[in-house]
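Letter by letter, the chains look like this.
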Amino acid sequence: MPARRVYLDNSATTPVDPRVAAAMARAVVENFGNASSVHGFGQQARAAVDRARREVAALVGAKQNEIVFTSGGTEANNLAIRGLCEAAATHGRHIITSSIEHPSVAGVCASLEKRGWEITRLPVYKNGIVRVEDVAAAVRPETVMITIMSANNEIGTIQPIAEIGALVHERREAGQKFLWFHTDAVQAVGRLRLNVDELGCDLLTMSAHKLYAPKGIGALYVRRGVRLHGQNVGGHQERERRAGTENVPGIVAFGEAAKLAREEFNQRSAHDQALRDRFEKTIVERISDIVMNGDRERRLGHLSNISFRFIEGEGLLINLDLEGVAVSTGSACSSGTLEPSPVIRALGVDEELARGSIRFSFGKDNAEDEIEYVVEVLVRAVERLRALSPLTLV
Amino acid sequence: MVYSAKFKDHLAHPRNAGELSDANAVADETNPICGDRLRISLIVKDDRIEAVRYLAYGCPPTLVCGSVLTELISGKRVDEVKRLTRADLLGEIGGLPSRKHHAAALAIETLNSALQNL
């Protein structure tokens, strides 16, 4: 075990806030009733679920009855896309998405494609951002869904969601009534101020464990009036959109995390961005031959994605891990085949840069002196790996 | 599978890294599928590996296989070195996940190429 440990992988998951853990622990013991039961124990659990639902709804400016709790972001994305497309299939079988979606969106689209749906995957260009005019050009009479993430999980680029939402409304007013807009906001919730009415989306995906709550709980915002086919059937829970006994402790934890995210939004944002900016400034001064991936302005404030020339991301990741520093890379080498990050490749960068990309994501529990430590460790690791790299030979 | 202590040690402290300017056998091989690359330079004298250096680009097992291989062959007779197999190298490292065995294959292949260039 290294002497010091620094967690800079807050986009993968966040440490559980002790206040959230305490609320959850209380719910485990005190709200054990089945929230669907009519007796007092059940109603006590139901009340806890309702309180949490209000908090989660408030985080994105939604109404309480527009929130469907799920087991996490992946399930919410499956429910949103599959559920809506199954309900809307009689109106058309075309979906528009981007080329940098999370696998839980890209995978659902690919599976629908195998079943005969047409998928348009929009490019993101060098800055990692979808162009609204490309979305407009891709809409056809048979398009029933646009699904584009709010912010990317690897490079943090913020997509023009409100502009796409406005486009969808325009098309509806022009007569295309069966067109819906979903956004996977797992990375954006709690990092950006989001309001579903301002965004103009019909469906929005959230995950609690990116907000200092535990894994196993997420939610889908479903605008009132939007019809979905439930993907979990066999129960009346969540207004028949997600059958299964409610995970009351998880839901309570999500509610507490949502409340804290709203109350502490300004201080968390300022803190994370100050650390990220300081880190980037120092790295640029101390390490040559690096490329910052994605738009420099329109991106999440807590995340930095950097490609290091001449070296491979996984080697750097494990070198950092040996010194107690946790980061992530989008590339994976397995069974002799390499899968460079599809997101970095979508930016049009060469394979070497795509292989050498590392994501550093900061969080509320990181301290300034940790950044100094990470920089020292990183500088040493990059020097060591470059000294070993045949790519530095002329 | 968790990497062995030896694996981690070689990753953090690569042995015999670099190039030999007066090498009499050099090979530079690339795995055509994943792009991992290994370069070995040797000084072979009186049928013995007198000096060895390596450079590597790729996933951690590729970096470590290069480092461990250089220790394994340093000072050895050429006929002994020629008998080394991927399994010998994997055993020396303390094992690798099966999906990473290609790293050991690349190391042995590069070594054999270098010896053929003598």
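Bear in mind that the values here come from a model prediction, so they are computed numbers and not experimental data. Per-chain numbering applies: the sequence of each chain, read as written, is numbered from 1 onward. For naming, the first written chain is A and the first written ligand is 1, with later ones following in the order written. Local features in a predicted model are, by the rule used here, given only for residues with pLDDT of at least 70; side-chain atom pairs are given and counted only at 80 or more, and totals for whole chains, interfaces and linings are based on all residues.

## Side note on the domain arrangement of chain A
It is common to give the size of an interface as the accessible area that goes away when the parts come together. All names here are of chain A. Our working rule: Domain start and end points were adopted from an automatic or database domain assignment. Contacts here follow a simple rule: the backbone-placed C-beta atoms of the two residues must lie within 7 Å. The helix count covers DSSP runs of H or I at least four residues long, the strand count covers runs of E at least two residues long, and both are numbered beginning at the N terminus. By the convention adopted, Pro, Cys, Tyr, Trp, Phe, Met, Ile, Leu, Val and Ala count as nonpolar, Lys, Arg, Asp and Glu as charged, and the other residues, Gly among them, as polar.
Domain annotation for chain A reports domain 1 (6-15 + 265-392) and domain 2 (18-263). The straight-line distance from the C-alpha centre of domain 1 to that of domain 2 is 28 Å. Listed per partner, the contact involves 22 residues of domain 1 and 26 residues of domain 2. The set of elements that each furnish at least two residues to the side of domain 1 that touches domain 2 consists of β10 (303-308) and α12 (342-346). In terms of residues, the side of domain 1 that touches domain 2 owes the most to one element, α12, which gives three residues. By residue class, the composition of the side of domain 1 that touches domain 2 is eight nonpolar, 10 polar and four charged.

## Considerations on the nonpolar core
To keep things clear, this is the line we draw: Nonpolar cores are identified as sets of buried Ala, Val, Leu, Ile, Met, Phe, Trp, Tyr and Cys residues joined via C-beta atoms within 7 Å. Counts of 20 or more other C-beta atoms within 10 Å of a residue's own C-beta define buried residues, counts of 12 or fewer define exposed ones, and intermediate counts define partly exposed ones; C-beta atoms are placed from the backbone.
Core analysis: the biggest nonpolar cluster contains 87 residues, and Ala219(A), Tyr221(A), Ala253(A), Phe254(A) and Ala257(A) have the highest contact counts within it. No other element matches helix α9 (residues 248-263) of chain A, which puts nine residues into this core. No fewer than three residues from each of domain 1 (6-15 + 265-392) and domain 2 (18-263) of chain A sit in this core. Discounting residues that sit within four places of it in the chain, Tyr221(A) has contacts with Val60(A), Ala62(A), Glu66(A), Ile67(A), Val196(A), Leu203(A) and Leu204(A). Ile306(A), Ile40(B), Tyr57(B) and Ile73(B) belong to the second largest nonpolar core, which has 57 residues in total.

## A few points about the interface of chain B and chain A
On the side of chain A, 18 residues touch chain B, which itself brings 21 residues to the contact. Sorting the residues of the side of chain B that touches chain A by element identifies α1 (5-12), β2 (37-45), β3 (48-57) and α2 (60-73) of chain B as the ones contributing at least two each. A class-by-class count of the residues in the side of chain B that touches chain A yields 12 nonpolar, four polar and five charged.

## A few points about the packing of helix α11 (residues 313-322) of chain A against helix α14 (residues 368-388) of chain A
Residues and elements named next belong to chain A. Inclusion rule: Lines fitted to C-alpha atoms define the axes, with helix axes restricted to the stretch in contact, and inter-axis angles between N-to-C directions lie between 0 and 180 degrees. The cut-offs work like this: below 35 degrees is roughly parallel, past 145 is roughly antiparallel, 65 to 115 is roughly perpendicular, and the gaps in between are oblique. Left-handed describes a crossing in which the near helix is turned anticlockwise from the far one by less than a right angle; the clockwise case is right-handed.
Relative orientation of the contacting elements α11 and α14 amounts to 135 degrees, with a least axis distance of 10 Å. Classified by the angle between their axes, α11 and α14 sit oblique to one another. Once α11 is placed against α14, the crossing between them reads as right-handed. Listed contacts from α14 to Gly315, Leu316, Asn319 and Leu320 of α11 are Val377, Leu378, Ala381, Val382, Arg384 and Leu385. When its residues are assigned to classes, the contact of α11 with α14 shows seven nonpolar, two polar and one charged.

## Details of the sheet that holds strand β5 (residues 143-147) of chain A
Residue and element names in this part refer to chain A. This is how it is decided: At least two DSSP bridges between two strands are needed for those strands to be called paired.
Strand order across the open sheet formed by seven strands is β2-β8-β7-β6-β5-β3-β4, with mixed pairing between neighbours. Of all strands in the sheet, those with a lone pairing partner are β2 (67-70) and β4 (118-122), marking the two edges. The mean inter-strand angle of the sheet, taken between neighbouring strand axes irrespective of direction, is 20 degrees. For β2 and strand β8 (residues 218-222), the ladder comprises four bridges, and the chain directions are antiparallel. Paired with Ile67 across the strands is Tyr221, a residue of β8. Relative to the sheet, helix α6 (residues 161-173) contacts β5 and β6 (180-184), its axis offset from that of β6 by approximately 165 degrees.

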